[in-house]
Amino acid sequence: MAPFISLCMIVKNEEKVLKRCLDSVKGVVDEIVIVDTGSTDKTKEIALQYVDHVYDFEWTDSFADARNFAQSKASGQWILVMDADEYVDPNNLQAAIDELKNQYDAFEVKIYNFSGMHGERIIQHHGLRIYKNNPAITFSRTIHEQLRKSEGELKVGSSSLILYHSGYLASVVKEKNKNKRNQFLLEKEMSFSESNAFDYFNLGNEYQSQGDTEKALEAYLKAYQNKPDLRYSWVSFCVVQIINCLITLQRYKDALNVISDAEQIYSESPDFKCLKGIIYLDQHRYQDAITEFEELIDKQEDYQNIISSVDYLEYFPHRALGIIYQKEKNYEKSVYHFTKALTLNKYCNRSLIGLMQILTEREEEREIVSFINHNNLINNNYDLFKFIRLFISLSQFDIARHYTEQVDNGLIKEGFNIKLELSKGNTAALKKFIETRTLEQLNEIIKNGCIDIYDLILFCFELKDISIIRLIINLVKEENIKQLMEYLFTNNNTSYNCSKDILILVERTLQFNQLSLFGKLAEKIGTEQEILLPIAHLMYQYHYKKEAIQIYNNVDPVFYDIDTFVNLVEYYFEEGEGLQAKEKIITAISYEKIDYRLFKYALLLHLEFESVRDWDIDQITNIAFSYYTGSQELAYLYSLIKSDSIELQSNGSPVRTVGFFLETTFHYYVYESIINELLNKGINCHLVINDYFQEHSETSYMYDDLMEFLQNLDRNDIDAYTVSMIMKNHFKYDCMVSCYYSNWLNEIAYKQVRVMYGLAKDTWNFAWWNVFYDKILCYGRYDYNRLNIYNNCVIVGNPKFDKWFKNKFDNLEEIKEKFLIDENKKTILYAPTYGHLSSIDDWIDDIKELEKDYNIIIKMHHGTAFRESEQYRREKILHNFNNVTSDQSDLFSLFAISDFVISDNSGIIFDAILAEQNILLLNPTSQVLRKDGSNEVRIREKIINLEKGDDLRLYLKDNNLFIKQKSELFDVLYNLDQFRDGNSGSRAADEIISLINGEKSTAKENPFLYSLRKQIFGF
């Protein structure tokens, strides 16, 4: 019986990895075919442990030729292609084999490429690695070979198989000189065939690997411009690489533009959101970066379409958040994220350094050792040596000595003890070692990282021992180090390009507080302009700030770099010297030294120092936004300036700021009239968005709809901010207005006001949480009698209905044009609620039947329109009806053009009563009718109720029923809405103003309310 699947490999000098590969497939594949292209090591010997014969193939500078030769030797129905530096999970491979289906010619698999020194970075791509053993299916191209089918189309499926590839580890690339080989083959391929987009993409990869970013970007752009189709897997990878090149070149604005476009196409890919966060981090836009990274971590299920690296989903975000929170001194969060990053990638040195910096500053030695042991961070000598070096660099000499004692090798232990002594300014141990040990032993402790060449140079610089200096010069092979030693130890003061090496020496002295040695270096260096500012930056970094500022001020500002301006501004800001900081910001902008931190400090200066407010902060902010478009943090700080509580009105009273809490677009229309009146009365108003709504699939659609609505909202007199941004900046509103209680409201306002948003569902609307509010604005006696506690409620009417009572319908004509209305038919507005109380499931077919004789308009509840759980109801409506809306701005215009309103348990019935509509209520079959005697039940009983099976047409034609209904509801109207003059928004605004101005002291007048609040909420 012929084998089902054959593994085909081409190998050359793969003795280090071949066994790992073959062990991973042994017993799973039915046949192994190995083709050797000229090995000179033990590759063949290892291969023969798994196969009876290894085929020799003379290399032709074509991977396709070698692959096709291997295929010719295979007898399986299917072929699996792997390289020696790849391996699989045997269970995953077996599952993938079991999934093979004959309707496809080939299958694409996922390949994880480990890169970096230790595989600390994972890059993924997809490739065709499983295909039918069919003579018509072969490889083409000399490099980056591709499968093609000579007869008909190659039908490709997707496999669950994952290959793990270690061939891009730095040591392997260097050892095998892969870059040079690949570039040669690519140029050969492009020379005898017409260059296509895929060639340019691969050429870009080679240039990128070699560090030639400009050429890489040029190649990637050509690849993308000539792409045959967006659906090719390499195209999305190419976009990621274009962004990476732009980031490397610090062309951040261009990179963000590409990301913006890419997110429209690849909305479920984490790569672009993470890259955006990385750009924000590079730009020091920490709050903006936090938003991107935390969303990735919190909503991983929405970003599963990974393009280039699984690291973009968790590892990079956690590492970046660790860095940001450390900078912001939020150490608890920083430790959490650094620890998560290390869990995901044990080789993450940046996370390890950050974590140890925090722990060594705050914990005792035993807690740190316990943490390292508990997290299993030291497993071998490599780890042990790394931690010793790390603790020495952090000047944690006792912990370093603790781990040095665990070193088994006596020479290495002595080497680390020498480093410890050097770090404390003691040179005797190193001097003795050089005098008594061999050059080979010195090389050994250098090779193991106990000390380095810079330690030796500083040692020589301090001792000035000519014999030792000559010894070290003979030890050195690097040309730059020889030049550095010539510069330091001869009278030749000719400057040369060794600033990088000098700065390493300077930092070493500052790091270990060796000021005497620093002084000697500074005397030698003198005042060379190109190195003076970098030295000052190091001094500033190591907390010699006053000395650094003195150096800065002795340099002509024309030579300042961005870090100079930032450090100066930060220093003067912290010292309370606002005018000095302001002067440096203006100078920086005039020299076009643009940095996010300078603009942030400009806004903070304007907020905190009255003495600087004579500059044009609007112009500075406009410049900031031209470079940092969309920064929530800058927008927030600017809004504080515009609504600063110390700003005075013309009458001398302070300007107040009121927030309006929104979770849906519906809420805006509840508040709109109040906002307009407050603005007219000189009160600043902000829309406060609950961005935590986006974290849950059930509410994320409502959040997206709200954000789209706000982006299109045509008004420039109010600002909108997210709850998370407000909380992070510790801002508090004078008053927060909301429709119902949310725990996000506790910390962001001094006073809380509730505005009624409907009267349905008594058990919810009049629940315990109402004691949270300092004041509740009621429609009429109906809600006032249920909520009032010693006059904490006030009747103002229904602000949402001000437009209705004033007969102002902004979009009436648009509504008439929007819907397909037959003027010869009467119009029905069907407005069901959502969830289990909805009539949609039982009555939708009956409503559909009415379309023959009536215009039907469906107004979806915002829950039906956007909640994930309502998808099937939403689809049912959209499939059956053309006139469908969920737009909250349509309500009054819909009332105006409708002859009947049909609803169920929706709160719209109360709106329909106020609008004096002809109303029918449809009861779902599952609904248990309440007989609790509540006012809501009594009101519903006055409206025409229909049970499933009742003939809707009979009721719609009986005009006398509706006349009787309106008569019975007449008395209800006053209770529901005491004022029908269109001025409810104005009355509500006056009540809010009186509360925030302290005209009524609720705390003193209402101890019962406050005692309830303390019992329930704890404050």
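These figures come from a predicted structure and were not determined experimentally.

## Describing the overall build of the chain
Turning to step 1, where the next piece is worked out: Along the chain, the regular secondary structure elements total 51 helices and 23 strands.
Turning to step 2, where the next piece is worked out: Expressed as a percentage of the 1019 residues in the chain, the buried residues total 53%.
Turning to step 3, where the next piece is worked out: Nonlocal contacts in the chain, meaning residues at least 24 apart in sequence, comprise 65% of its contacts between residues at least 6 apart.
Turning to step 4, where the next piece is worked out: Accessible area of the chain: about 47100 Å², with a carbon and sulfur share of 47%.

## Topic: helix H41 (residues 840-849)
Turning to step 1, where the next piece is worked out: Among all positions in H41, only Ile840, Trp843, Ile844 and Ile847 are buried. All buried residues of H41 lie within an arc of 130 degrees about the axis, which places them on one face of the element.

## Some details on the sheet that holds strand S19 (residues 854-859)
Turning to step 1, where the next piece is worked out: As summarised here, the arrangement of the six strands in space is S20-S19-S18-S21-S22-S23, forming an open sheet in which the pairing is parallel. Every interior strand has two partners, whereas the edge strands, strand S20 (884-885) and strand S23 (944-946), have only one.
Turning to step 2, where the next piece is worked out: Direction of pairing for strand S22 (residues 919-922) relative to S23: parallel, over a ladder of three bridges. The partner of Leu922 across the bridge, within S23, is Leu946.

## A look at the packing of aromatic side chains
Turning to step 1, where the next piece is worked out: All told, the structure shown has 45 aromatic pairs when counted by the stated rule.
Turning to step 2, where the next piece is worked out: For the ring pair Trp78 and Phe107, a centre distance of 5.7 Å and an interplane angle of 55 degrees mean the geometry is tilted. Highlighted residues: Trp78 in strand S4 (residues 78-81) and Phe107 in strand S6 (residues 106-116), separated in sequence by 29 residues.
Turning to step 3, where the next piece is worked out: Given the relative accessible area of 3%, Trp78 is considered buried.
Turning to step 4, where the next piece is worked out: The buried category is assigned to Phe107, whose relative accessible area is 4%.
Turning to step 5, where the next piece is worked out: Measuring from centroid to centroid gives 5.4 Å for Phe900 and Phe962, while their planes differ by 50 degrees, and the two rings are tilted. Of this pair, Phe900 sits in strand S21 (residues 900-903) while Phe962 sits in helix H48 (residues 959-976), and the two are 62 residues apart along the sequence.
Turning to step 6, where the next piece is worked out: Classification of Phe962 by relative accessible area gives buried; the value is 2%.

## Some words on the UniProt feature "repeat: TPR" (unreviewed entry) in the chain
Turning to step 1, where the next piece is worked out: When the UniProt feature table is mapped onto this chain, "repeat: TPR" (unreviewed entry) is found at residues 197-230 and 315-348.
Turning to step 2, where the next piece is worked out: Taken end to end, residues 197-230 comprises 79% helix and 0% strand; its first and last C-alpha atoms sit 12 Å apart.

## What about helix H12 (residues 286-298)?
Turning to step 1, where the next piece is worked out: With 13 residues, H12 extends 18 Å from end C-alpha to end C-alpha; this agrees with the ideal 18 Å at 1.5 Å per step.
Turning to step 2, where the next piece is worked out: Within H12, 10 of the 13 residues are buried, which leaves the element mostly enclosed by the surrounding structure.
Turning to step 3, where the next piece is worked out: The set of residues buried in H12 consists of Tyr286, Gln287, Asp288, Ala289, Ile290, Glu292, Phe293, Glu295, Leu296 and Ile297.
Turning to step 4, where the next piece is worked out: For H12, the elements touching its buried residues are helix H11 (270-282), helix H13 (315-327), helix H14 (331-344), helix H31 (596-608), helix H33 (632-642) and helix H36 (723-728).

## Overview of the environment of Asn770
Turning to step 1, where the next piece is worked out: Within the secondary structure, Asn770 is located in the loop between helix H37 (762-765) and strand S16 (775-778).
Turning to step 2, where the next piece is worked out: Overall, Asn770 belongs to the buried group, its relative accessible area being 5%.
Turning to step 3, where the next piece is worked out: With 16 residues separating them along the chain, Asn770 and Arg754 place their C-alpha atoms 8.1 Å apart.
Turning to step 4, where the next piece is worked out: For Asn770, the residues in contact, after removing those within four places along its chain, are Arg754, Asn765, Ile776 and Leu787.
Turning to step 5, where the next piece is worked out: Polar contacts involving the side chain of Asn770 include one to the side chain of Arg754, which spans 2.7 Å.

## Comments concerning the pattern of salt bridges
Pairing is possible between side chains that carry opposite charge, provided their charged atoms lie close to one another.
Turning to step 1, where the next piece is worked out: One pass over the structure, following the stated rule, counts 42 salt bridges.
Turning to step 2, where the next piece is worked out: The partner of Asp105 in a salt bridge is Lys149, with the nearest N and O atoms 3.2 Å apart. Residue Asp105 is located in the loop between helix H4 (90-98) and S6, and its partner Lys149 is located in strand S9 (residues 146-149); the two are separated by 44 residues in the primary sequence.
Turning to step 3, where the next piece is worked out: Here Asp105 falls in the buried class, since its relative accessible area comes to 7%.
Turning to step 4, where the next piece is worked out: Between Glu849 and Lys852 there is a salt bridge; the shortest N-O distance is 3.3 Å.
Turning to step 5, where the next piece is worked out: Taken together, the shared-partner salt bridges in this structure form one network comprising Glu263, Lys273, Lys276, Glu292 and Glu295.

## Brief notes about the confidence of the model for the chain
Regions with low pLDDT should not have their predicted coordinates read in detail.
Turning to step 1, where the next piece is worked out: Of the residues in the chain, 90% have a pLDDT of 70 or more, and the chain-wide mean is 85.
Turning to step 2, where the next piece is worked out: Here residues 169-174 is modelled with pLDDT under 50, and outside its nearest four sequence neighbours on either side it reaches 15 contacts, counting other chains as well.
Turning to step 3, where the next piece is worked out: With pLDDT under 50 throughout, residues 645-653 is counted as low confidence; its partners more than four residues away or in other chains account for 15 contacts.

## A short note on the nonpolar core
Turning to step 1, where the next piece is worked out: Of all hydrophobic cores here, the largest spans 260 residues; its most connected members are Met356, Phe660, Tyr671, Leu678 and Phe895.
Turning to step 2, where the next piece is worked out: The leading source of residues in this core is helix H9 (residues 233-248), at 11 residues.

## Quick notes on the environment of Gly322
Turning to step 1, where the next piece is worked out: When you line up the elements, Gly322 lands in helix H13.
Turning to step 2, where the next piece is worked out: Each C-alpha atom of the pair Gly322 and Val335 lies 6.6 Å from the other, and the pair is 13 residues apart in sequence.
Turning to step 3, where the next piece is worked out: Setting aside residues up to four positions removed in sequence, Gly322 forms contacts with Ser334, His337 and Phe338.

Procedures and definitions
Residues numbered from 1 in each chain as written. Predicted model: local features only at pLDDT ≥ 70, side-chain atom pairs only at ≥ 80, totals over all residues. Heavy atoms only, no water. Helix = DSSP H or I, 4+ residues; strand = E, 2+ residues; numbered from the N terminus. Buried < 20%, exposed > 50% of the residue type's maximum accessible area, 1.4 Å probe, protein only. Contact = heavy atoms within 4.5 Å. Areas by Shrake-Rupley, 256 points an atom, 1.4 Å probe, with all protein chains shown as cover. Arc of directions from axis to C-beta. Pairing = 2+ DSSP bridges. Phe/Tyr/Trp six-rings, centres within 6.5 Å; stacked < 30°, edge-to-face > 60°. UniProt positions renumbered as here; feature names shortened; annotations may be inferred. Expected span 1.5 Å × (residues − 1). Polar contact = N/O pair within 3.5 Å; in protein donor to acceptor, adjacent residues only side chain to side chain. Salt bridge = Lys/Arg side-chain N within 4 Å of Asp/Glu carboxyl O. pLDDT = per-residue confidence, 0-100. Core = buried A, V, L, I, M, F, W, Y, C linked by side-chain atoms within 4.5 Å.

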